[in-house]
Amino acid sequence: MPKPGELEMVAPKRQKPPLHWSDLTVDERKEKVVELGLPAFRADQISRQFFGRLSNDPQSWTDIPAELRPAVQAQLFPELLTSVKALDCDGGTTVKQVWKLFDGAMVESVLMRYTDRVTMCISSQAGCGMNCPFCATGQNGLTRNLSTAEIVEQILVGARALANDEIAGGVGRVNNIVFMGMGEPMANYKNVIAAIRRFTDDAPAGIGLSARGITLSTVGLVPRIYDLAKEGIPVTLAVSLHCPDDELRDTLVPINNRFKINEVLDACWNYADVTGRRVSIEYALIKDINDQAWRAELLGKLLQGNLVHVNLIPLNPTPGSIWTASRPEDERAFLRILHEHGVAATVRDTRGREIDGACGQLAASV
Ligand code: SAH
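In this text the structure is predicted, and so the values were computed from the model without any measurement.

A. Looking closely at the packing of aromatic side chains. Under the criterion given, the structure shown has five aromatic pairs. Linked through ring pairs, Trp21, Phe50, Phe51, Trp61 and Phe77 together constitute an aromatic cluster. A cation sits over an aromatic face here: Arg117 above Tyr114, 4.4 Å from the ring centre. Across from the ring centre of Tyr189, 5.8 Å away, lies the NZ or CZ of Arg224, which sits over that ring.

Have a look at this one:
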C-alpha cells in the first residue's frame, strides 16, 4: 500500500498556469485588489498602467502605494512567458519568439511588420490535437490549453516591444492578430474568447483593438462556429478547408470525420449572415494532392454567391513529409478558376519561412 502522499508524487496533479491580471474580468479585478487590501478603484489604475500604458513593471506604478507593489506584482503579475529563443528575418521586421510556459510547455508567436501594419500570429494551445498530417504542430499531439493570460501576453510582449522602439521600423502598435500559431482555438474556446475580449475591450479594460483586425482560424468545429456568431464580437472567421470533397478532407483535416464540409460551410454562411463579415477559407495547395483543376471547379461551385474570400497558401513542407507546394502553373490555374466562378481569392505570402515561422511550421524544436 502506498503511504499517504506517495501517489501524488507518482502522478502529480496537473497544475494550472498562475493566475494573472489578464485572466480577470473588470469585476474580478476589483475583487482581487480588494482581497489585497486596496480600494476597488485601484483596479482601474492598474489596468491603465498595464493595458493602457503597456507597462509591466508594477514597481514603477507610482499611483499604487509603494508598500503594496510587491504583493500586486507577485500575486497578479507573475511572469508567464520565458523567452527561449527569438529569431528574426526580413531585416528585423519578422520576429519569431519561442516561449517556455510555467510548466515547461513551449509555444510560439510571430510578429510581422508590413509597410502599413503589424500582424501578430499567436498560439492558443501548446501542441494541437487535430492531427492534420501536413501541419508541424499536429505531429506531437496536444500538450494543453493556454490560459487566457498566456494568450494575451503573447500580444502584449509584441505591443511593448513596438511601443519601446525595439522592432525594426520604429515605434508602432499591433494592428492585426491572427490565431494561426499553434493549436486549435475553437478547442480552447472559453479562454480564446476571453483573450479576444481583452484585445477588443477599450482601455483600460483591454487594449482597444478592432475586432475586424482579429482572425480566428479553425479546422471547423461546427458547434463552436455557431457559438462564435452569438458572441457579438465580429472577428474574421477563417476556416481551414483545404479540400472541397469529404473523401480527401477526411484525411487532410481528420475532424472532417465528425463535421462534414457541407455542415462546416453552413456554419460559415450563418456566421457571415449574423456578423456581416466575409469568411476566409484557407486552402494550402499541396502538389498533386488537392491542387487539381477539378477541385478548383468544385470549390468554386461550393463557395460562389457567398460572402467569402479564399486564401491559397503554398504548402510549407514540414520535416519528413513527402508533400510539397504546388507547381506555380497549378497554383495560377487554381486561382484563375476560382476567379472565373466569381470567388474572391488571393495567394497568401509566406513570411518567416527561413525562421520556421511560416504557417504550419510552428513546432518548438528547441
Ligand atoms: N488550428 C487552426 C489554426 C492554426 S493553423 C486551423 O487549423 O485553422 C493556421 C493555418 O495554417 C491553417 O489554415 C492550417 O491549416 C495552415 N497550415 C498548417 N500547416 C501548414 C503547412 N505546412 N503549410 C501551409 N499551411 C499550413
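Resuming the write-up.
B. Seen up close, the site of the ligand. With respect to spatial proximity, 19 residues lie near the ligand, and among them Phe134, Ser217, Ser240, His242 and Asn316 are the closest. Within the side chain of Ser240, an N or O atom sits 2.5 Å from an oxygen atom of the ligand. Out of a free accessible area of 540 Å², the ligand has 96% covered by protein chains. Residue classes in the shell around the ligand are distributed as eight nonpolar, nine polar and two charged.

C. Spotlight on unusual backbone geometry. The amide bond that connects Ala203 to the next residue, Pro204, takes the cis arrangement and shows omega of 10 degrees. Inspection of the secondary structure puts Pro204 in the loop between α6 (189-200) and β8 (214-218). At Asn131, a position not held by glycine, the phi torsion is positive, near 65 degrees. Following the sequence through the fold, Asn131 ends up in the loop between β5 (125-127) and β6 (142-145). A positive phi angle is found at His242, which is not glycine, with a value near 65 degrees. Its relative accessible area of 6% is what places His242 among the buried residues.

D. Representation of the side chain of Ser109. Relative to the helices and strands, Ser109 resides in strand β3 (residues 106-113). Looking at Ser109, its side chain comes within polar contact range of the side chain of Trp99, at 3.0 Å. In this structure Ser109 touches Val95, Lys96, Gln97, Trp99, Cys121, Ile122 and Gln154, once residues within four positions along its chain are discounted.

So, how was this worked out
Residue positions are counted from 1 within each chain, in the order its sequence is given. The predicted nature of this model means local features are confined to residues of pLDDT at least 70 and side-chain atom pairs, given and counted, to a pLDDT of 80 or more, with totals for whole chains, interfaces and linings taken over all residues. Calculated side-chain values reflect all of the structure's heavy atoms, with hydrogen atoms and water omitted. Aromatic pairing here means that ring centres of Phe, Tyr or Trp (its six-membered ring) are within 6.5 Å. Orientation follows from the plane angle: under 30 degrees is stacked, over 60 is edge-to-face, and everything else is tilted. Placement of a charge over a ring requires the Lys NZ or Arg CZ to be within 6 Å of the ring centre, with the centre-to-atom vector within 35 degrees of the ring normal. Note on terminology: near, applied to a residue and a molecule or strand, indicates that one of the residue's heavy atoms is within 4 Å of it. We call two N or O atoms a polar contact when they sit within 3.5 Å, provided that within protein one can donate a hydrogen and the other can accept it, with sequence-adjacent residues counted only if both atoms are side-chain atoms. Areas reported here follow the Shrake-Rupley algorithm with a probe of radius 1.4 Å; residue values treat only the protein chains shown as occluding. Charged means Asp, Glu, Lys or Arg here, nonpolar means Ala, Val, Leu, Ile, Met, Phe, Trp, Tyr, Cys or Pro, and polar covers whatever is left, Gly included. Only DSSP runs of H or I with at least four residues qualify as helices, and only runs of E with at least two residues qualify as strands; both kinds are numbered from the N terminus onward. Residue exposure (1.4 Å probe, protein chains only): buried if accessible area is under 20% of the type maximum, exposed if over 50%, otherwise partly exposed. Should any heavy atoms of two residues lie within 4.5 Å, those residues are counted as being in contact.

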